[in-house]
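Structural overview
Each chain, written out:
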Amino acid sequence: QRLRAAVHYTVGCLCREVEEDKEMRFSKQTIAAISELTFRQCEIFAKDLEMFARHAKRTTVNTEDVKLLARRSSSLLRYITQKSEELALNNMEQKEKKKKKSSAAKGERTPGEQEAAVTENEDSNMS
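Residues numbered from 1 in each chain as written. Predicted model: local features only at pLDDT ≥ 70, side-chain atom pairs only at ≥ 80, totals over all residues. Heavy atoms only, no water.

To keep it simple, the criterion reads: UniProt positions are given in the numbering used here, feature names are shortened, and annotations may be inferred rather than shown by experiment.
Under an unreviewed UniProt entry, the name given to the protein is Centromere protein S, and the organism recorded is Neodrepanis coruscans. The Sequence similarities (unreviewed entry) comment attached to the protein in UniProt states, word for word, "Belongs to the TAF9 family. CENP-S/MHF1 subfamily."

Right under this line is the structure:
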């Protein structure tokens, strides 16, 4: 019920934005109908995503499932693909930062730092 109420509230806010932008009005019944359709469509999407994951013998929905769901809307598919790639890139950057922090905290050196230290030792040995 709380989720349904949140959808109704959000649809109402979006309708008010459209009212201001397009100088038109939405009746309460229209907002309620749009809210109900949106909620039902989200339920269908959730079931489809669950079935896609289950068909792939997984218990977790992943981005490929979402892309499959969005395949009929090329603009939505492009948007989801772009956001997915951005998230993957951010995740890789975060992992690299954590890796560098943990190795620095342990006093370990990255491969580049190890190579520099070896070169420095060789130079000092030659002097």
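Considerations on the packing of helix α1 (residues 2-22) against helix α2 (residues 28-55)
Basically, it comes down to this: Interaxial angles span 0 to 180 degrees and are taken between N-to-C directions of axes, which are lines fitted to C-alpha atoms, for helices over the stretch in contact. Secondary structure is summarised from DSSP: a helix means a run of H or I of at least four residues, a strand means a run of E of at least two, and numbering begins at the N terminus for each. By the definition adopted for this analysis, an angle is roughly parallel if under 35 degrees, roughly antiparallel if over 145, roughly perpendicular if from 65 to 115, and oblique otherwise. Crossing chirality is assigned from the near helix's rotation relative to the far helix, an anticlockwise turn below a right angle marking it left-handed and a clockwise turn marking it right-handed. The criterion used for residue contact is that any of the two residues' heavy atoms lie within 4.5 Å.
Across the interface, α1 lies against α2 with an axial gap of 9 Å and an inter-helix angle of 125°. By the criterion of interaxial angle, the relationship of α1 to α2 is oblique. Seen along the crossing, α1 lies across α2 with a hand that is right-handed. Touching Leu3, Arg4, Val7, His8, Val11, Gly12 and Cys15 of α1 are Ile31, Ala32, Ile34, Ser35, Glu36, Thr38, Phe39 and Glu43, all from α2.

Section: unusual backbone geometry
Peptide bonds are trans in most cases, and residues, glycine excluded, mostly fall at negative phi. With phi around 55°, glutamate 23 is a residue other than glycine that occupies positive phi space. Mapped onto the elements, glutamate 23 comes out in the loop between α1 and α2. A positive phi angle, close to 60°, is found at lysine 57, a residue other than glycine. Relative to the elements of secondary structure, lysine 57 occurs in the loop between α2 and α3 (63-69).

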